Each structure stands twice: as C-alpha cells, then as structure tokens.
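Structural features, examined
Listed below, chain by chain, are the residues.
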Amino acid sequence: MMHTKPDQHGERTDQIADPGRRRMLAGSAAAVTAVGLAGFTKSAMAQAVTSTVAPVKPLPAYVNWKNPDAMIVHSSSTLETKRGAFGSSIVTPTNQLYIRNNLPAPDASIVADRDSWEVAIEGVKNPRTFKVKELKSMGLETTAMVLQCSGNGRGYFPSKPSGTPWQVGAAGCVIWSGVPVRALTEALGGMADGMQYMTGTGGEKLPEGLDPKSVIVERSVPAKAMADALLAWEMNGEPIPLAHGGPLRLIVPGYSGVNNIKYIKRLAFTEAQTDAAIQAHGYRVSPPGQKGDPSQPSVWEMGPKSWINSPAPENGSVQAGIAQIKGVAFGGVHAVKSVEVSVDGGKSWKTARLVGPDLGRYAWRQFVLPVKLEPGTYTIACAVTNAEGSRQPENRMENAGGYNNNSWRDHALTITVV
C-alpha cells in the first residue's frame, strides 16, 4: 500500500513521485512557453493547458470498473471525468464520476457486510453508535447534488498551485439516498448545548509512524449544514462503491467534496472545529505564497459555477452552421435561476434554455443555446446566476491552493470553426 503525506495546501501527495504526471506538467509548461508568455491572455493560457495531451494511464485496480474512455488518470487517487463524457443528461453515471481520495480506501471487506458498518453519533443529548442496518429504520431521503472537488478548475491558475491540475472534470451530479442527519439528531434528543460545528471522521486506515492528526480525514462544517445532510448508503440507485465512500458516507449538499466524508465512522457536533491538519491548515483559502491556517476561510460552501461541454473538441475544429452550445450550471447552495452564453468572449450575452427536469437546488442544470457559427475563431463563455441573485464571477479568487475557481473567463473555450 502506498502511504501518502500532506502537502502545504492540505492535499495529499504520493511519496513515490509520479513521472507520468511530471511529464504532463512539463508538457503543459512547454505549450505555454512555446507561444510566448508576453501578452498571453488568460483564456489562451487555459487553452494551451487544455490542448496538451497527457500520457494515457491505465485505471487503478480498485476502480477498474470505471469507463476508461471517460476518464483522465492523473494518479492512483485522482481521476478526472473528460469534458466530452458529461453528455446531455443530468446525473453523472457512477462509472464516469471523478475520484479524489486523500488516503487509500479501507480494505474491501468493509463492503462485504455493509449493514454491519458502525458510526458513532456524538455531541447530542443521547449519544450512541448505530449499525447501517439500524440507520435504515431511522428515516429516508433522496438528494440530487453536485459533488465537486474544491480544486476543480485549479488547472486554469497561471501560478500552477501544487495539487492535481483539474480542469472541469472533478465534479459530477449524483443522487444519494440515506437517513437525514436532522432526523437522526432529533431522535437522539437534539444537539447538546453550545455545539457550533458538525464534524465527520473518516474510517480510512492511517499510515503507521505518523501523528494521526496529520493525516486523518476529519472535517468540521457549520452546524447549520445539518439541515440537508445525509448519512448515505446508496448512490445513483446502487450501494455506494468502496471507491466513493461505501458503505456509508456523510453527504453535505452545497459544500465542496472534502466535507462529504467517506467511510464515516464518527459524526459529532462540536463546540470548535477539529484540530486535524486537513481542517486547521489544509483546504484553507490562503493568499498566494502563504500556508493555510485557522484564521483563513475554510473551503466550505460552493459558489455559482458553469462551463461549456459542447462544442468542445479535444482536437480539431467545429463545422460551420447551426451549433448547440451545451453545458452544466449550478448555483452552489442555491438553485439555478438562469444561464447566459457569450460567443465573443463576454462582450455580449444571450440567455440559454435550461434543459431537463429540475432535481432540486443542489443539482446542476443542463443548458443549451443554438447559434449559427460562420467560419472563424470564437471564445465561448457561460455564466450562471443563482436564485439569490449571485452571478458567476468573471475572475478567479487568487489563492495558494488553487481552490474555488468559478471564474467564467477561466472556463471559457476558444474554438475554430471551418
């Protein structure tokens, strides 16, 4: 088993260097250098990174059931969904959903008898431990939500922060079923007095010889997140796969992926945030060049975000004529209100049509705008506005970890029409 260690931004990096990834990053840098950095626009830089062809890697054994044609393998613990694999439906198939693991998954034996997995509920007036089988009798709810790594879009940062250079594929729209945390809490007498946070602890096996707090996956979010949270045992209509946190996962809709704790073994309401490194120093929105610390904002709620999935050829050009500009949009912790599309790099905008059923405030919406494209070069952009009136920003928030990139300009695509 390969042990992992935290980097300065709270990500986990393999102790054994990944030469394939180094070649890919070197290739990206070379592509940027080749066209000249002077006067190089953000959009052009994004395109240079996008057009770089990474070496093809096989799927890791523990996710060999994934669709290899839909995935970009960055490392054994990071797999990205290809832009062209999102399709035109709302729900992301499990075999195409991205993978981001901070530690190796526990032994597969834990999903052999799923109902026997135990989770301790603490910080309530009547704390106790439940088996999954017992949880299934406590209540049931189904929620569709966007699951997104907080580093999704990191690949568009020109500063090249450490961590996986995700573009758009560290996200998906997933349907979860499980017991509502609020119902479980009520059944246990409610939260104990003075509790401000909901803290989840994962059940991964910790590497030996290290301080447990330096590697344990344990995250705290504001207690208000309990309102729509689930302890889920089902994903897209099937038992949650081991690679995605089965047999039991904490689901916190509207919050970035790291807060949705896999293999959850402890759910506690606490007065303070955990002092685990992944919380205290990792996944903090820190200024460029600075390490994360508890005084900086934690990566919690997601902001409004959208991107174009088609037409976006991996190479080549688009044929002139009528094109259907398609993509996905989500509003963070609020529902999608509208999506606008620009074919001239943001100079002018048209309202797109939302496609398909509305699966709730936390799910993404597919959108489409038919346009007639004459031969030439176009920069296609999109921007979503959520139900609270917040519009996807033009520019990214610069930060050391490359987190929370929802810039519409970074995510714009330049295409050639012939």
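Only a predicted model underlies this, so the values are computations on that prediction, with no experimental measurement involved.

About the thresholds
Residues numbered from 1 in each chain as written. Predicted model: local features only at pLDDT ≥ 70, side-chain atom pairs only at ≥ 80, totals over all residues. Heavy atoms only, no water. Helix = DSSP H or I, 4+ residues; strand = E, 2+ residues; numbered from the N terminus. Contact = heavy atoms within 4.5 Å. Areas by Shrake-Rupley, 256 points an atom, 1.4 Å probe, with all protein chains shown as cover. Pairing = 2+ DSSP bridges. Core = buried A, V, L, I, M, F, W, Y, C linked by side-chain atoms within 4.5 Å. Buried < 20%, exposed > 50% of the residue type's maximum accessible area, 1.4 Å probe, protein only. pLDDT = per-residue confidence, 0-100. Polar contact = N/O pair within 3.5 Å; in protein donor to acceptor, adjacent residues only side chain to side chain. Salt bridge = Lys/Arg side-chain N within 4 Å of Asp/Glu carboxyl O. Phe/Tyr/Trp six-rings, centres within 6.5 Å; stacked < 30°, edge-to-face > 60°.

The subject of this paragraph is the overall build of the protein chain. Scanning the protein chain from N- to C-terminus turns up six helices and 23 strands. Of all intrachain contacts in the protein chain linking residues separated by at least 6 positions in sequence, the fraction that spans at least 24 positions is 71%. Carbon and sulfur atoms make up 53% of the accessible area of the protein chain, which totals about 17,100 Å².

Once that is clear, we can look at the sheet that holds strand β5 (residues 99–100). Reading across the sheet, the three strands line up as β3-β4-β5 and stay open at both edges, with antiparallel pairing between neighbours. Both outer strands of the open sheet, β3 (71–75) and β5, are each paired with one neighbouring strand and no more. As judged from the two bridges shared by strand β4 (residues 78–81) and β5, these two strands associate in the antiparallel manner. Of the residues in β5, the one forming a bridge with L79 is I99.

With that out of the way, let us pick up the nonpolar core. Residues I121, L135, V181, M198, L231, L248 and L250 are the most contacted members of the largest nonpolar core, which totals 42 residues. Looking at this core, the elements with two or more residues in it are β6 (118–122), α3 (132–135), α4 (181–187), β10 (197–202), β12 (230–235) and β15 (264–270). Take this core: its biggest share by element is three residues, from β15. Here L250 is in contact with V181, G200, A229, L230, L231, N259, N260, I261, I264 and L267, once residues within four sequence places are set aside.

This paragraph deals with the confidence of the model for the protein chain. Looking at the protein chain, the pLDDT average stands at 89 and 87% of residues meet or exceed 70. Across residues 1–52 the pLDDT falls below 50, and counting only partners more than four positions away or on other chains, this stretch makes 100 contacts in the model.

Right, let's talk about the environment of N260 for a bit. By secondary structure assignment, the location of N260 is in the loop between β14 (249–251) and β15. Along the backbone, N260 and L250 are 10 residues apart, and their C-alpha atoms lie at a distance of 5.1 Å. Those residues in contact with N260 that lie beyond four places of it in its chain are M145, L147, R249, L250, I251, V252 and Y255.

The amide bond that connects G246 to the next residue, P247, takes the cis arrangement and shows omega of 15 degrees. The residue P247 is located in the loop between β13 (238–239) and β14 in this model. Of note in this structure, Y283 is not a glycine but carries a positive phi near 55 degrees. When you line up the elements, Y283 lands in the loop between α6 (277–280) and β16 (305–310). Y283 sits in the buried class, given a relative accessible area of 1%.

This part takes up the pairing of strand β9 (residues 171–180). A large share of β9 lies buried, amounting to nine of its 10 residues. Strand direction decides the pairing type here: strand β8 (residues 141–148) and β9, joined by eight bridges, are antiparallel. The residue of β9 that forms the bridge with V146 is C173.

Attention now goes to the sheet that holds strand β22 (residues 376–386). Hydrogen bonding along the main chain pairs the strands of a sheet, whether they run parallel or antiparallel. Taken together, the four strands give an open sheet; going across it, the order is β19-β18-β22-β23, and neighbouring strands pair in antiparallel fashion. With partners counted over all chains shown, the strands left at the sheet margins are β19 (350–351) and β23 (413–417), one partner each. Relative to β19, strand β18 (residues 336–342) runs antiparallel, the two sharing two bridges. From the neighbouring strand, V341 faces β19, where its bridge partner is K350.

It is worth spelling out the environment of D293 at this point. Within the secondary structure layout, D293 lies in the loop between α6 and β16. Residue classification places D293 among the partly exposed residues on the basis of a relative accessible area of 25%. Separated by 13 residues in sequence, D293 and A280 have C-alpha atoms that sit 5.8 Å apart. Leaving out residues up to four positions away in the same chain, D293 has contacts with A280, H281 and R284. Among the polar contacts listed, one links the side chain of D293 to the side chain of S295, at a separation of 2.3 Å.

Within the fold, Q96 resides in the loop between β4 and β5. Of the residues examined, Q96 reaches a relative accessible area of 14% and is grouped as buried. There is a polar contact of 2.9 Å between the side chain of Q96 and the backbone oxygen of A85. When sequence neighbours within four positions are dropped, the list of residues in contact with Q96 reads K66, N67, A70, M71, T81 and A85.

Right, let's talk about the pattern of salt bridges for a bit. Counted by the stated rule, this structure contains 16 salt bridges. Close ionic contact of E118 with K131 constitutes a salt bridge, the shortest N to O distance being 3.1 Å. Within this pair, whereas E118 is found in strand β6, its partner K131 is found in strand β7 (residues 128–131), the two being separated by 13 residues in sequence. On the accessibility criterion, K131 (33% relative accessible area) is partly exposed.

What the rule picks out here adds up to nine aromatic pairs. A centroid spacing of 6.0 Å and a plane angle of 55 degrees characterise the contact between F86 and W307, whose relative ring orientation is tilted. Taken together, the residues span a long stretch of sequence, with F86 in the loop between β4 and β5 and W307 in strand β16 at a distance of 221 residues. The exposure classification of F86 matches that of W307, with both residues buried. Between W307 and W364 the ring centres are 5.8 Å apart and the planes differ by 90 degrees, which places this aromatic pair in the edge-to-face class. Here the residue W307 occupies a position in strand β16, and W364 occupies one in the loop between β20 (353–355) and β21 (365–373), the gap between them amounting to 57 residues.

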